[in-house]
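# Architecture at a glance
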Amino acid sequence: MPILTDEQVREAAERFDEAERIRRQVRPLTFDYPDMDMIDAHAVQDAWVGMKLARGARIRGRKIGLTSRAMQRAMNIDEPDYGTLLDDMFFDDDAEIEAAAFLDPRVEVEIAFALNAPLAGEDVSVEDVLGATEAVYPSLELIAARSYRVDPESGKTRTVVDTIADNAASAGVVLGRKGFDPGELDLPWCGAALYCNGEVEETGLASAVMGHPANGVCWLARRFAAHGIGLQGGDVILSGSFTRPVAARAGDDFLADFGPLGRIGCRFV
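Residues numbered from 1 in each chain as written. Predicted model: local features only at pLDDT ≥ 70, side-chain atom pairs only at ≥ 80, totals over all residues. Heavy atoms only, no water.

### Focus: the overall build of the chain
Formally: Numbering of helices and strands starts at the N terminus; helices are DSSP runs of H or I of at least 4 residues and strands are runs of E of at least 2. Computation of the radius of gyration draws on C-alpha atoms alone. For the globule rule, the value is 2.2 Å times the number of residues to the power 0.38. Whether a residue is buried, partly exposed or exposed follows from its accessible area with a 1.4 Å probe, protein chains only, as a fraction of its type maximum: under 20%, in between, or over 50%, in that order. Contacts: residue pairs with any heavy atoms within 4.5 Å of one another.
Along the backbone of the chain there are seven helices and 13 strands. Taken against the 2.2 N^0.38 rule, which gives 18 Å for 269 residues, the C-alpha radius of gyration of the chain at 17 Å falls within 12% of a compact globule. Projecting the C-alpha coordinates of the chain onto the three principal axes gives extents of approximately 50 × 45 × 35 Å. Burial status across the chain gives 54% buried among its 269 residues. Long-range contacts, defined here as pairs at least 24 residues apart, represent 77% of the contacts in the chain between residues at least 6 apart.

### Details of the sheet that holds strand β9 (residues 199–205)
Definition in use: At least two DSSP bridges between two strands are needed for those strands to be called paired. Working convention: axes come from line fits to C-alpha atoms, limited for helices to the stretch in contact. Angles between N-to-C directions cover 0 to 180 degrees.
Ordered in space as β4-β13-β12-β8-β9, the five strands form an open sheet in which the pairing is mixed. Each end of this open sheet is capped by a strand with a single partner; those strands are β4 (95–97) and β9. Going across the sheet, the axis of each strand differs from the next one's by a mean of 20°, ignoring polarity. Direction of pairing for β4 relative to strand β13 (residues 263–268): parallel, over a ladder of three bridges. Residue pairing for β13: Ile97 is matched across the bridge by Phe268.

### Focus on the pattern of salt bridges
The following threshold applies: We define a salt bridge as a contact between a side-chain nitrogen of Lys or Arg and a carboxyl oxygen of Asp or Glu at a distance within 4 Å.
What the rule picks out here adds up to 19 salt bridges. Of the charged contacts in the structure, one is a salt bridge between Arg177 and Asp94, with a shortest N-O distance of 3.4 Å. Here Arg177 is found in the loop between β7 (170–175) and β8 (191–196), whereas its partner Asp94 is found in the loop between β3 (90–91) and β4, with 83 residues between them in sequence. Of the residues examined, Asp94 reaches a relative accessible area of 39% and is grouped as partly exposed. The salt bridge involving Asp166 is made with Arg146; its shortest N-O contact spans 2.7 Å.

### Concerning the nonpolar core
Which entries qualify depends on this criterion: We call a set of buried residues a nonpolar core when its members are Ala, Val, Leu, Ile, Met, Phe, Trp, Tyr or Cys and they connect through side-chain atoms within 4.5 Å of each other.
Core analysis: the biggest nonpolar cluster contains 65 residues, and Ile111, Phe113, Leu140, Leu231, Phe254, Phe258 and Phe268 have the highest contact counts within it. Tallying contributions element by element places helix α7 (residues 213–225) first for this core, with seven residues. Contact partners of Phe258, with chain neighbours within four places excluded, come to Val109, Glu110, Ile111, Pro138, Ser139, Gly191, Ala192, Phe242 and Ile264. Core analysis: the second largest hydrophobic core is formed by eleven residues, Val49, Met89, Val173 and Val236 among them.

### Some words on the packing of aromatic side chains
For clarity, the threshold we go by: A pair of aromatic rings is counted whenever rings of Phe, Tyr or Trp (Trp by its six-membered ring) have centres within 6.5 Å, and the orientation is called stacked for planes under 30 degrees apart, edge-to-face for over 60 and tilted otherwise.
Scanning the model with the defined rule gives four aromatic pairs in all. A centroid spacing of 6.0 Å and a plane angle of 55° characterise the contact between Tyr82 and Trp219, whose relative ring orientation is tilted. Here Tyr82 is found in strand β2 (residues 81–86), whereas its partner Trp219 is found in helix α7, with 137 residues between them in sequence. The two residues Tyr82 and Trp219 agree in class, both being buried.

### Quick notes on empty space enclosed by the protein
What counts, and what does not: Using a 1 Å grid laid over the protein atoms alone, points where a 1.4 Å probe fits but cannot get out form a cavity; open sets with protein on both sides within 12 Å along at least 5 of 7 lines form a pocket; any residue with an atom within 4 Å of a point counts as lining. Grid points are joined across faces, edges and corners, and a volume is the space filled by probe spheres set on the points. Residues are grouped as follows: Ala, Val, Leu, Ile, Met, Phe, Trp, Tyr, Cys and Pro are nonpolar; Asp, Glu, Lys and Arg are charged; every other residue, Gly included, is polar.
Tallying each qualifying case throughout the model produces two cavities of 30 Å³ or more. The computed volume of the second largest cavity comes to approximately 40 Å³. Together, Phe91, Ile97, Val107, Leu140, Glu141, Leu142, Gly172, Val173, Val174 and Cys266 line the second largest cavity. Secondary structure elements with two or more residues in the lining of the second largest cavity: β6 (133–143) and β7. Across the lining of the second largest cavity, the residue classes tally to eight nonpolar, one polar and one charged.

This is the structure in structure tokens:
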């Protein structure tokens, strides 16, 4: 049962909005509301996204995060989270990105699904996802933390409820220039090496995402169904990272080599 009032939801959303705007992290919400649940977290996320939409942003897709064991261990969280991707979060391949514009930025490697048909309901299957996908793209996700991942005073870590309220740490997306027909790929065996400043930092296979990256999209569609939300044709869906996040600082140059799917990268300035 949700515990936050409408006013508390609004205040929490404003807290995240200000943190991002003035570039100063805040305490996780569960420190103030230890009994808040997923419904509360989703309400805060919706309220914050709504503020951005009111200022002119557009929804371009959704993301699922913390789908792999590597990511769950890295974040000390044991279940996936999910968030909303807005149009101003997308960067071109080889873009220069201002590191100081993000709070504790990190880079992850993912497979993105570009949908051409809607997906909704609690029984969405891998076959349904592949049938509704126009193309898959190699991608990088930039994540940020408007609330502390680890509170500097208490040493406590935030929960999955906190990350959902924080729009699942969504901050940016770099898509590959070329999309691929998912029917022509063995998606679980698609992999990548993530380089930072010429050194390999992480490697992984997409099978780390629940055995098949499309399972991440299935999970998202099923979870959204509980809130009466569906994935839409035209949405870009990030299926979850299959490497651990790598911290990004000004001067860092990232390159993800997806082998046959090509290379994508970005530079932080």
